[in-house]
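# Fold and contact review
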There are 2 protein chains.
Amino acid sequence: MKGRLYIVSSPAGGGKTTIINLLLEELPFLRRVITYTTRHKRKNEIDGVDYVFIKKEEFERLIQENAFLEYALVHGNYYGTPKKDVFQLLEEGYDVVLVIDVQGMKQVKQIYPDVITIFILPPSLEELVNRMKLRGDSEQEIEKRLNTARKEIPFWKEYDYIVVNDNLFQAKDQIKCIITAEKCKVSRFDLDNIKDESLKSLMI
Amino acid sequence: MKGRLYIVSSPAGGGKTTIINLLLEELPFLRRVITYTTRHKRKNEIDGVDYVFIKKEEFERLIQENAFLEYALVHGNYYGTPKKDVFQLLEEGYDVVLVIDVQGMKQVKQIYPDVITIFILPPSLEELVNRMKLRGDSEQEIEKRLNTARKEIPFWKEYDYIVVNDNLFQAKDQIKCIITAEKCKVSRFDLDNIKDESLKSLMI
């Protein structure tokens, strides 16, 4: 594959969506692959932007065809990342980012061990709750998501990188740096980046 | 050690000195450890800035005391990096950068396997020669340094990161990103960076 695959995970309210959107604007070689889901579309959601909404039968057919890089059944709804969309972009030379949870990360890592994984942490649990309140989550949702966060945060150690989001733009710049640094890694360096033939001949 | 140790190598004319000086200005937590040498000070050089100039007997006494992280005898002159200066800064929490050659890198890696190594490449051999001409190197010096470059460049594969210096500021920013990304690595993450105790308790 020419491109690199990234996973970004974070507890709800960690800021991952905003950060990824900023990154996608700044980095033309970076693409996000949208998750497929069978759950009902909410009013404020756009098909193909927030999720690709498909029917349960179709999702289960895709599972049978081994078409997902990772998928999960959550509260009766399926969520999954289509292999085809990911591998096509990687082949074209794009870097690809998936915004998925800890369980999804583990599934992808088994199929694609070269994946680079980033965990975004909120600066505190209090701040996490504040952010959920600010965006209008209900008390019940907040309690549920806080519980999920408590379960997910201990898995930070299984990631490659950790970014603490106490400042949105700093966190975004840190992830941008991670992507830049990964491009500079000798183990992944593409000699085609060297245009000068006399130099290249010394490097092979 | 609290800080991280970096090695930057590049062929003469690769731009390493300028780049490192820019980085040292921008990153207050980064320090350069100056190489000790027994060769004569040139007119434009400053003791303690370009090199620490010491007598041959003193250098050999320091070798006996195992005081160098790495050293070499080049054209009858010693060059070496004092362990004490490096470890003291690392203990204090500074990141430390050494500007040394391929052989020095190999020696340091044996003593300190955690070192992060960066190789700076010129965009072409032609450009390397141009830069040496620009800074007033003699024909003889250029030929000698070009030969050294030809011998050193094939070792790029033994480094962690490669940076192509076709634009000084871009190359500087790439190294800055490498340093930022290394700070985000889970394997090196310092939990003391987390101030919120409820969050920290989930991470231990």
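Below is a summary of the structure that appears in this document. Keep in mind that what you see is a predicted model, and the values were worked out from it rather than measured.

## Notes on the sheet that holds strand 1 (residues 5-9) of chain B
Residue and element names in this part refer to chain B.
- Read from one edge to the other, the open sheet built from five strands follows the order 2-7-1-8-9, with strand pairing classed as parallel. Two strands lie at the open edges of the sheet, namely strand 2 (30-32) and strand 9 (161-164), each paired on one side alone. Neighbour to neighbour, the strand axes of the sheet diverge by 25 degrees on average, direction disregarded.
- With three bridges joining them, strand 2 and strand 7 (residues 95-99) adopt parallel strand pairing.

## Considerations on the packing of aromatic side chains
- Scanning all chains against the criterion turns up 22 aromatic pairs over all chains.
- Members of the aromatic cluster, each reached through a chain of ring pairs, are A:Tyr36, A:Phe59, A:Phe68, A:Tyr71 and A:Tyr78.
- Looking at B:Lys183, its charged tip hangs above the ring of B:Phe29, at a distance of 4.1 Å from the centre.

## Section: helix 4 (residues 102-111) of chain A
- Where helix 4 of chain A is concerned, the buried positions are A:Val102, A:Gly104, A:Met105 and A:Val108. Taken down its axis, helix 4 of chain A places every buried residue within 150 degrees of arc, on the same side.

## Details of the nonpolar core
- Ranked by size, the top nonpolar core spans 40 residues in total, and within it A:Ile118, A:Ile175, B:Ile118 and B:Ile175 carry the most contacts.
- Ignoring any residue separated from it by four or fewer positions in sequence, one finds A:Ile175 in contact with A:Ile19, A:Leu23, A:Ile118, A:Ile120 and A:Val163.
- Listed in part, the 35 residues of the second largest apolar core include A:Leu5, A:Val33, A:Leu128 and B:Met203.

## Let's talk about the sheet that holds strand 4 (residues 52-53) of chain B
Residue and element names in this part refer to chain B.
- Strand order across the open sheet formed by four strands is 4-3-6-5, with mixed pairing between neighbours. Each edge of the open sheet carries a strand with a single partner, namely strand 4 and strand 5 (68-74).
- Against the sheet, helix 2 (residues 56-64) contacts strand 3 (36-37), strand 5 and strand 6 (77-82), and its axis sits at roughly 50 degrees relative to strand 6.

## Some words on the relation of the copies chain B and chain A
- Of the transformation superimposing chain B on chain A, the axial component is 0.0 Å and the angular component is 180 degrees, with the fit at an RMSD of 0.0 Å. Here the symmetry operator amounts to a two-fold rotation axis. Taking the C-alpha atom as reference, chain B places B:Cys177 closest to the rotation axis, 2.2 Å from it.
- Taken together, the interface assignments show that 100% of the residues at the interface of chain B recur at the interface of chain A, consistent with an identical surface on both copies.

## Focus: the packing of helix 1 (residues 16-26) of chain A against helix 7 (residues 168-184) of chain A
All names here are of chain A.
- Running from amino to carboxyl end, helix 1 crosses helix 7 at an angle of 55 degrees, the nearest separation of the two axes being 10 Å. Between helix 1 and helix 7, the angle falls in the class oblique. The two elements helix 1 and helix 7 cross, and the hand of that crossing is right-handed. Residues Thr18, Ile19, Leu22, Leu23 and Glu26 of helix 1 lie in contact with helix 7, whose contacting residues are Leu168, Phe169, Ala171, Lys172, Ile175 and Lys176.

## What to know about empty space enclosed by the protein
Residue and element names in this part refer to chain B.
- Summed over all chains, the structure comprises one cavity of 30 Å³ or more.
- Its boundaries defined by the atoms lining it, the largest cavity holds a volume of some 30 Å³.
- Looking at the largest cavity, the residues that line it are Tyr6, Val8, Ile20, Leu23, Leu30, Val97, Ile118, Ile175 and Ile179.
- Listing elements by their share of the lining of the largest cavity, those giving two or more residues are strand 1, helix 1 (16-26) and helix 7 (168-184).
- By residue class, the composition of the lining of the largest cavity is nine nonpolar, no polar and no charged.

## Details of the environment of B:Ile46
- Relative to the elements of secondary structure, B:Ile46 occurs in the loop between strand 3 and strand 4.
- Aside from chain neighbours lying at most four places away, what touches B:Ile46 is B:Tyr51 and B:Phe53.

## Re the state of the cysteines
- Scanning the entire structure with this criterion turns up one disulfide over all chains.
- The disulfide partner of A:Cys177 is B:Cys177, and the gap between their sulfur atoms is 2.4 Å. Its S-S torsion of approximately -60 degrees makes the covalent link between A:Cys177 and B:Cys177 left-handed. In this pair, A:Cys177 is assigned in helix 7 and B:Cys177 in helix 7, connecting two distinct chains.
- Residue B:Cys177 is classed as buried on the basis of its relative accessible area, which comes to 11%.
- With no disulfide partner, B:Cys184 has as its closest neighbouring cysteine sulfur the one in A:Cys177, 8.1 Å distant.

Rules of the game
- Residue positions are given per chain, counting from 1 as you read along its sequence in written order.
- Labels are handed out in written order, letters beginning with A for the chains and numbers beginning with 1 for the ligands.
- Totals for whole chains, interfaces and linings use all residues, but because this is a predicted model, local features are given only for residues with pLDDT of at least 70 and pairs of side-chain atoms are given and counted only at 80 or more.
- Computation of side-chain values covers all heavy atoms of the structure but excludes hydrogens and water.
- DSSP calls a pair of strands paired once it identifies at least 2 bridges connecting them.
- Per the convention used, a helix needs a DSSP run of H or I reaching at least four residues, while a strand needs a run of E reaching at least two, with both numbered from the N terminus.
- Only the contacting stretch of a helix is used when fitting its axis, a line to C-alpha atoms as for every element, and angles between N-to-C directions run 0 to 180 degrees.
- Only Phe, Tyr and Trp rings take part, Trp by its six-membered ring, and two of them pair if their centres are within 6.5 Å. Stacked means planes under 30 degrees apart, edge-to-face means over 60, and tilted covers everything else.
- As a reminder, the over-ring test applies to NZ of lysine and CZ of arginine, requiring each to be within 6 Å of the ring centre and within 35 degrees of the ring normal.
- The rule is simple: take the accessible area with a 1.4 Å probe, protein chains only, and divide by the maximum for that residue type; under 20% is buried, over 50% is exposed, in between is partly exposed.
- Directions drawn from the helix axis to the C-beta atoms are what define this arc.
- For the purposes of this section, nonpolar cores are sets of buried Ala, Val, Leu, Ile, Met, Phe, Trp, Tyr and Cys residues that join through side-chain atoms within 4.5 Å.
- A contact between two residues is defined here by any heavy atoms of the two lying within 4.5 Å.
- Our superposition of the copies is a least-squares fit, built on the C-alpha atoms of residues whose pLDDT is at least 70 in both.
- Here roughly perpendicular refers to angles of 65 to 115 degrees, roughly parallel to angles under 35, roughly antiparallel to angles over 145, and oblique to all remaining angles.
- By convention, the crossing between two helices is left-handed when the near helix turns anticlockwise from the far helix through less than a right angle, and right-handed when the turn is clockwise.
- Using a grid of 1 Å spacing that covers the protein atoms alone, one calls a set of points a cavity when a 1.4 Å probe fits there but cannot get out, and a pocket when the set is open and has protein on both sides within 12 Å along at least five of seven lines; lining residues are those with an atom within 4 Å of a point.
- Grid points are joined across faces, edges and corners, and a volume is the space filled by probe spheres set on the points.
- Three categories are distinguished: nonpolar for Ala, Val, Leu, Ile, Met, Phe, Trp, Tyr, Cys and Pro, charged for Asp, Glu, Lys and Arg, and polar for the others, with Gly belonging to the last.
- A pair of sulfur atoms, both from cysteines and within 2.5 Å, is called a disulfide here.

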